[in-house]
Amino acid sequence: MYQRAKAILCALILWLMILGEALAAIGWLAARGAKVLGSEGKAGLGGFLTAPATQIRVFRVLRAVLPNIAISKVVMKCYGNTGTAVVTRRCDVLDVLNRNEEFEVVYGPRMRKLTGGENFFLGMQPGWDYTRDTSAMRLAAQRTDVLGIVAPRARKLATEIVAESGGRIDLPVDLGLMIPWDMTEHYFGVGGQRELMESWTTTLFWYLFEDLPADPALDARAMKDAGMLRDYLDGAIAARKASGEPWGHVILDRCLALQSAGTPGMSDLGIRNNLLGLLIGAIPTISKACCLAMDELMNRPEALASAHRAAVRGDHAAVAQHIWEALRFNPHNPVVYRRATRDAWVARGTARQCRIKRGQIVFAATLSAMFDRHEIAAPNEFRTDRPWEDYIIWGYGMHECFGAAINAAVIPEILTPLLAQKNLRRAPGDAGQVDGGGTPHPQHFHLDFDV
């Protein structure tokens with residue numbers, strides 16, 4: 001009886017806390033929204049609504065009063081659907097991302113446009129094609145390479161770049177894009193001309209994952225860039241095969257060695273398409289995550305000072321904890337979307353159950369899941385002692401980012417030498433703010449430090 005009463009009391013206290021936080025969030029949203037309208041008018045609402053601090057509070061309200069929603073309105077235009085659903089509780093978000101047969105990935109049509117006809121495993125449902133391609137690429141991109149090859153080179157380059165910078169770094173240009181591009185050159189084996197590769201992959205990532213309104217101008221740009229990237233990769237594969245040199249450790253060479261051994265999925269076309277997908281996922285993802293994490297740390301002087309001390313003593317694990325926590329508050333993607341293959345229920349049998357109709361897009365709110373007080377301890381605090389399982393930074397389940405292990409190793413290597421600098425700070429004025437240059441990806445972000 002005592003244990004039951006205690007459980008009821010704890011549940012009541014938790015509910016009251018969640019309700020109180022929701023009411024406070026409503027007050028914050030109303031006050032800040034009115035301030036933005038008063039100073040910037042309707043033009044400022046877009047930036048306000050998409051800001052992570054705003055989204056965190058919107059999800060806080062939804063988790064309390066309407067955790068799962070399904071409506072007939074079509075919000076996403078880039079992939080076919082019949083309506084929209086939003087899932088906010090952590091257990092429900094993970095449930096949706098685990099139920100691949102009922103909630104499918106939707107990227108296939110656009111991925112085929114980029115490759116000229118074939119899919120990439122990120123856009124595939126479970127089956128032979130997915131298993132064939134992911135298995136083959138895991139033979140080519142081996143897990144041991146991360147600490148043996150990729151991370152040491154990233155650390156060396158980042159240290160050299162920061163040391164030679166003279167006290168000012170443009171984070172995406174000098175580090176965030178530069179080091180991932182170097183990885184695609186020296187580890188993937190297909191880096192190509194740096195500025196072109198950075199431009200191509202950023203555009204194509206935007207087109208695949210972030211173009212919700214289906215912008216026709218972006219479509220045209222993506223088709224042009226995809227054609228050039230395909231031509232470049234076809235040429236690189238042909239040239240490497242014609243060279244007659246022994247295969248090395250780079251991914252392209254390993255793919256060609258697997259081709260020679262008759263491995264399924266390793267035709268020239270298969271290699272090209274897999275490399276195209278890896279390139280799109282590597283360069284813009286790492287750069288954006290670096291910038292967002294640093295931007296969040298810059299807004300938190302105590303956390304920045306703590307990260308600085310960890311970097312000075314060379315504690316990469318502690319630096320990484322600061323980065324992941326910063327990305328919890330300022331994530332690369334606040335949602336992951338799927339489409340219902342048939343009528344399905346979320347949280348069936350609970351007070352928050354929601355019926356998702358076939359064809360509806362489901363926005364699984366990973367940002368919300370990382371702040372769900374039901375499962376995350378002290379969710380509104382910036383803490384560096386959280387278990388890795390609390391974070392959903394690179395997706396979840398079968399379609400977690402293929403390069404998640406690389407991201408987890410390389411991003412701290414990129415930022416540690418910078419965080420170790422004395423009096424690290426934003427550059428004065430607009431230069432010290434993240435500038436997307438009209439894209440969803442940081443193009444400039446200047447930071448100063450004492451030398």
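Just so you know, these numbers come straight off a predicted model, no measurement behind them. (Residues numbered from 1 in each chain as written. Predicted model: local features only at pLDDT ≥ 70, side-chain atom pairs only at ≥ 80, totals over all residues. Heavy atoms only, no water.)

Student: Mind showing me how you'd approach the overall build of the chain here?
Tutor: If you tally the helices and strands in the chain, you get 17 helices and 10 strands. Computed over C-alpha atoms, the radius of gyration of the chain comes to 23 Å, within 12% of the 22 Å expected from 2.2 N^0.38 for 451 residues, which places it in the range of a compact globule. Reported as C-alpha extents along the three principal axes, the dimensions of the chain are approximately 75 × 60 × 50 Å. Taken across its 451 residues, the chain has 52% of its residues classed as buried. Long-range contacts, defined here as pairs at least 24 residues apart, represent 71% of the contacts in the chain between residues at least 6 apart. Of the roughly 19,700 Å² of accessible surface on the chain, a fraction of 57% belongs to carbon and sulfur atoms. (Helix = DSSP H or I, 4+ residues; strand = E, 2+ residues; numbered from the N terminus. Rg over C-alpha atoms; globule rule 2.2 N^0.38 Å. Buried < 20%, exposed > 50% of the residue type's maximum accessible area, 1.4 Å probe, protein only. Contact = heavy atoms within 4.5 Å. Areas by Shrake-Rupley, 256 points an atom, 1.4 Å probe, with all protein chains shown as cover.)

Student: Explain the environment of Asn 274 here, please?
Tutor: Its place among the elements puts Asn 274 in helix α13 (residues 268-298). According to the relative accessible area criterion, Asn 274 is buried, its value standing at 3%. Each C-alpha atom, one on Asn 274 and one on Asp 133, is 7.8 Å from the other, the two residues being 141 residues apart in sequence. Residues contacting Asn 274, with those up to four places away along its chain left out, are Phe 120, Phe 121, Asp 133, Met 137, Gly 265 and Met 266.

Student: Looking at this model, I keep getting lost on the layout of surface pockets. Mind explaining?
Tutor: Here the idea is plain: a probe the size of a water molecule rolls over the atoms and shows the empty space left. If you add up the space inside the second largest pocket, you get close to 250 Å³. For the lining of the second largest pocket, the secondary structure elements donating two or more residues are α6 (128-140) and α13. In terms of residue class, the lining of the second largest pocket is made up of 3 nonpolar, 7 polar and 5 charged. (1 Å grid on protein atoms, 1.4 Å probe; cavity = no way out; pocket = protein on both sides within 12 Å on 5 of 7 lines; lining within 4 Å. Points joined across faces, edges and corners; volume = space filled by probe spheres on them. Nonpolar A, V, L, I, M, F, W, Y, C, P; charged D, E, K, R; others polar.)

Student: Looking at this structure, I do not really get the sheet that holds strand β8 (residues 360-364). What am I missing?
Tutor: Sheet strands pair via backbone hydrogen bonds, and the direction of the pair is either parallel or antiparallel. Taken in spatial order, the 5 strands line up as β1-β2-β8-β5-β3 in an open sheet, and their pairing is mixed. Unpaired on one side and paired on the other, β1 (68-71) and β3 (103-104) mark the two borders of the sheet. Examined bridge by bridge, strand β5 (residues 336-340) and β8 share 4 bridges and lie antiparallel to one another. Considered in β8, the bridge of Tyr 337 is made with Phe 363. Sitting on the sheet, helix α4 (residues 90-98) is in contact with β1, β2 (83-87), β3, β5 and β8, with an inclination near 130° to β8. (Pairing = 2+ DSSP bridges. Axes fitted to C-alpha atoms, helices over the stretch in contact; angles between N-to-C directions.)

Student: What is the right way to read α6 from this model?
Tutor: Along an α-helix, a turn takes 3.6 residues, which lines up residues three or four apart on a common side. Taking 1.5 Å per residue as the helical rise, α6 with its 13 residues ought to reach 18 Å, and the 18 Å between its terminal C-alpha atoms agrees with that figure. Listed as buried for α6 are Tyr 130, Asp 133, Thr 134, Ala 136, Met 137 and Ala 140. Buried residues of α6, seen end-on, are gathered within an arc of 165° and therefore sit on one face of the element. In the core, the buried residues of α6 are packed alongside α7 (144-163), α9 (178-188), α12 (251-260) and α13. (Expected span 1.5 Å × (residues − 1). Arc of directions from axis to C-beta.)

Student: Can you help me understand the pairing of strand β10 (residues 446-450) in this one?
Tutor: The side chains of a regular strand alternate between the sheet's two faces. Taken together, the 3 bridges between strand β4 (residues 168-170) and β10 define a ladder with antiparallel strand orientation. From the neighbouring strand, Arg 168 faces β10, where its bridge partner is Asp 448. In terms of strand pairing, strand β9 (residues 422-426) meets β10 through 3 bridges, oriented antiparallel. Its bridge partner lying in β10, Lys 422 is registered against Asp 450.

Student: When you look at the packing of helix α10 (residues 194-210) against helix α11 (residues 216-243) in this model, what are you seeing that I'm missing?
Tutor: The packing of two helices is summarised by the inter-axis angle and the distance between the axes. Running from N to C, α10 and α11 cross one another at 130°; their axes reach a closest spacing of 9 Å. Here α11 runs oblique to α10, going by the angle between their axes. With respect to the hand of their crossing, α10 and α11 are arranged in left-handed fashion. The segment α10 lies against α11, with Met 197, Ser 199, Trp 200, Thr 203, Leu 204, Trp 206 and Tyr 207 engaging Leu 218, Asp 219, Arg 221, Ala 222, Met 223, Asp 225, Ala 226, Met 228, Leu 229 and Tyr 232. Residues of the contact of α10 with α11, tallied by class, amount to 12 nonpolar, 2 polar and 3 charged. (Parallel < 35°, antiparallel > 145°, perpendicular 65-115°, else oblique. Left-handed = near helix turned anticlockwise from the far one by under 90°.)

Student: Help me understand a nonpolar patch on the surface in this model?
Tutor: On the surface, Leu 9, Leu 12, Ile 13, Trp 15, Leu 16 and Met 17 cluster together into a nonpolar patch covering about 580 Å² of accessible area. Inspection of the secondary structure assignment puts Leu 16 in helix α1 (residues 2-40). (Patch = residues over 30% accessible without salt bridge, like charges linked within 9 Å, V, L, I, M, F, W, Y side chains within 5 Å. Salt bridge = Lys/Arg side-chain N within 4 Å of Asp/Glu carboxyl O.)

Student: Help me understand the sheet that holds β4, please; the structure alone is not making it clear to me.
Tutor: Ordered by their spatial adjacency, 3 strands build an open sheet running β4-β10-β9, and the pairing between neighbours is antiparallel. The strands lining the two open edges of the sheet, one partner per strand, are β4 and β9. The sheet shows a mean angle of 20° between the axes of neighbouring strands, taken without regard to direction.

Student: Sorry if this is basic, but what is going on with the packing of α7 against helix α17 (residues 404-419) here?
Tutor: Where α7 contacts α17, the axes come no closer than 8 Å and their chain directions differ by 25°. Here α17 runs roughly parallel to α7, going by the angle between their axes. In this structure, α7 meets α17 at a crossing whose hand is right-handed. Contact with α7, carried on its side by Val 146, Val 150, Ala 151, Ala 154, Arg 155, Ala 158, Thr 159 and Val 162, involves Ala 405, Ile 406, Ala 409, Val 410, Glu 413, Ile 414, Pro 417 and Leu 418 of α17 and no other residues of that element. Considered class by class, the residues forming the contact of α7 with α17 number 13 nonpolar, 1 polar and 2 charged.

Student: How should unusual backbone geometry be read in this particular structure?
Tutor: Glycine aside, residues mostly have negative phi, and peptide bonds are mostly found in the trans state. One non-glycine residue, Ala 347, lies in positive phi territory at about 60°. Here Ala 347 shows up in the loop between β6 (344-346) and β7 (354-356). For Ala 378, which is not glycine, the phi dihedral falls at a positive 40°. Relative to the assigned elements, Ala 378 resides in the loop between α16 (366-369) and α17.

Student: Looking at this structure, how should I read the environment of Gly 438?
Tutor: With respect to the helices and strands, Gly 438 occurs in the loop between β9 and β10. Along the sequence, Gly 438 and Leu 49 sit 389 residues apart, while their C-alpha atoms lie 17 Å from each other.

Student: What should I look at first to understand the pairing of β8 in this one?
Tutor: Along β8, 5 of the 5 residues are buried, which leaves the element largely enclosed by surrounding structure. By the alternation rule, side chains of β8 split into Gln 360, Val 362 and Ala 364 and Ile 361 and Phe 363, which are all buried. For β2 and β8, the ladder comprises 5 bridges, and the chain directions are parallel. Across the sheet, the residue bridging to Thr 84 is Ile 361, located in β8.

As far as function goes, none of this settles anything; it's purely spatial.
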